[in-house]
Amino acid sequence: MSIVQNKKASHDYFIEERFEAGLALEGWEVKAIRAGGVQIKEAYVVVKSAEMFLIGCHISPLSAASTHVQADPTRTRKLLLHAEEIRKLIGKVERAGYTLVPLDLHYTRGRVKLEIGLAKGKKQHDKRDAEKEKDWKREQQRLMRHKA
């Protein structure tokens, strides 16, 4: 079940491969995510010393959160992946010029998971082509409805 999606990612990048990663979250963060107070539009993934981190993900703390916890809405959160997956992603990012973008925050068996995509950036003309293609598909659907 999807919580929040990064629609901007498919507009700005060619997504080549997708991976599901766990997130190291604090208790108040899980409660806030369940309440829907999360945004990943400006977020990105970085690799530091064979570990992966999610930066720029904003989780709005609940007003009813406990008083002794100091909530930091945009703290850096560690991504949990298998070591083999991390090595593979590091190799692609460092050598092949790929980047890692968060695509979708969702639940898997009650756990909060993040789908990250191995992506290459789109040039401006690629974005225009994609927009034209989307408009043409919409027009085709409109024409098909009028004929039926």
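Residues numbered from 1 in each chain as written. Predicted model: local features only at pLDDT ≥ 70, side-chain atom pairs only at ≥ 80, totals over all residues. Heavy atoms only, no water.

### Points about the overall build of the protein
Across its full length, the protein holds 4 helices and 9 strands. Element order for the protein, N to C, with α for helix and β for strand: β-α-β-α-β-β-β-β-β-α-β-β-α. Across its three principal axes, the protein shows a C-alpha extent of roughly 60 × 40 × 30 Å. The buried share of the protein, reckoned over its 148 residues, is 33%. Sequence separation of at least 24 residues holds for 69% of the intrachain contacts in the protein that already meet a minimum separation of 6. A total accessible area of about 9,700 Å² is found for the protein, and carbon and sulfur atoms account for 50% of it. Each charge sign in the protein was given a centre, from 29 positive and 20 negative side chains, and these centres are 3 Å apart. (Helix = DSSP H or I, 4+ residues; strand = E, 2+ residues; numbered from the N terminus. Buried < 20%, exposed > 50% of the residue type's maximum accessible area, 1.4 Å probe, protein only. Contact = heavy atoms within 4.5 Å. Areas by Shrake-Rupley, 256 points an atom, 1.4 Å probe, with all protein chains shown as cover. Lys, Arg positive; Asp, Glu negative; His and termini not counted. Charge placed at Lys NZ, Arg CZ, Asp CG, Glu CD.)

### Brief notes about the pairing of strand E9 (residues 111-121)
Examined bridge by bridge, strand E2 (residues 13-23) and E9 share 9 bridges and lie antiparallel to one another. Note that in E9 the partner of Ile15 across the bridge is Ala119. Bridge count for strand E8 (residues 99-108) against E9 is 9 bridges, and the pairing is antiparallel. Along E9, the bridge assignment pairs Thr108 with Arg111. Linkage of E8 to E9, two consecutive antiparallel strands, is achieved through a turn of 2 residues, within which Arg109 is found at a positive phi near 50°. (Pairing = 2+ DSSP bridges.)

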